[in-house]
Amino acid sequence: MIDDHFFFIKINFFILCLCRTKLDEALSRWQSYDELFNDLSKWLKDFEVKLKPAAGPRTDLLSKQKQLDVIKVQLTVCCIAQSCVYRGTFID
């Protein structure tokens, strides 16, 4: 009878250890998620500042071409950042 109780305690201890391991892993993932979210949020704010000068209508063809070139570069940067976010490796 004592052996049965001891076995039951060992099983429960094993289950608790497994739960703790899973919880530690989940906490680690959430922590890295928070860090990535903060990095992405900062990058988006900085990107918005960089993009604002390119916004708005232009009056002549040369300034429109320059505006288009700036927007193309920013689009490329945005696409690269997007692929990094999908991989979970966002780097500023």
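This text follows the structure it describes.
So, a few notes on the structure that sits alongside this text.

Criteria and thresholds
- Residues numbered from 1 in each chain as written.
- Predicted model: local features only at pLDDT ≥ 70, side-chain atom pairs only at ≥ 80, totals over all residues.
- Heavy atoms only, no water.
- Axes fitted to C-alpha atoms, helices over the stretch in contact; angles between N-to-C directions.
- Helix = DSSP H or I, 4+ residues; strand = E, 2+ residues; numbered from the N terminus.
- Parallel < 35°, antiparallel > 145°, perpendicular 65-115°, else oblique.
- Contact = heavy atoms within 4.5 Å.
- Disulfide = S-S within 2.5 Å.
- Buried < 20%, exposed > 50% of the residue type's maximum accessible area, 1.4 Å probe, protein only.
- Salt bridge = Lys/Arg side-chain N within 4 Å of Asp/Glu carboxyl O.

1. Quick look at the packing of helix α1 (residues 2–51) against helix α2 (residues 61–87)
Okay, step 1: In the contact formed by α1 and α2, the axes pass within 12 Å of each other and the chain directions differ by 175 degrees. As the angle between them shows, α1 and α2 are arranged roughly antiparallel. Across the interface between the two elements, L40, W43, F47, K50 and L51 from α1 touch Q74, V77, C78, A81 and V85 from α2.

2. A word on the state of the cysteines
Okay, step 1: Here the structure, examined in full by the defined rule, presents zero disulfides.
Okay, step 2: In this model C17 remains outside any disulfide bridge; the closest cysteine sulfur is found in C19, 9.3 Å from its own.
Okay, step 3: Note on C17: relative accessible area 34%, which makes it partly exposed.
Okay, step 4: Considering cysteine sulfurs only, C79 is the nearest to C78, which forms no disulfide, with 6.0 Å between them.

3. A look at the pattern of salt bridges
Okay, step 1: For the structure on display, the rule yields two salt bridges.
Okay, step 2: Across the pair D24 and R20 runs a salt bridge whose closest N-O atoms are separated by 3.6 Å. Of this pair, D24 and R20 are both found in helix α1, four residues apart, which corresponds to roughly one turn of the helix.
Okay, step 3: The class for D24 is partly exposed, based on a relative accessible area of 40%.
Okay, step 4: The residue K42 makes a salt bridge to D46 at a minimum N-O spacing of 3.0 Å. Of this pair, K42 and D46 both sit in helix α1, separated by four residues, roughly a single helical turn.
Okay, step 5: When its relative accessible area of 33% is taken as the criterion, D46 is described as partly exposed.

4. Some points on the environment of P57
Okay, step 1: For P57, the position within the fold is in the loop between α1 and α2.
Okay, step 2: C-alpha separation for the pair P57 and L27, spaced 30 residues apart in sequence, amounts to 48 Å.

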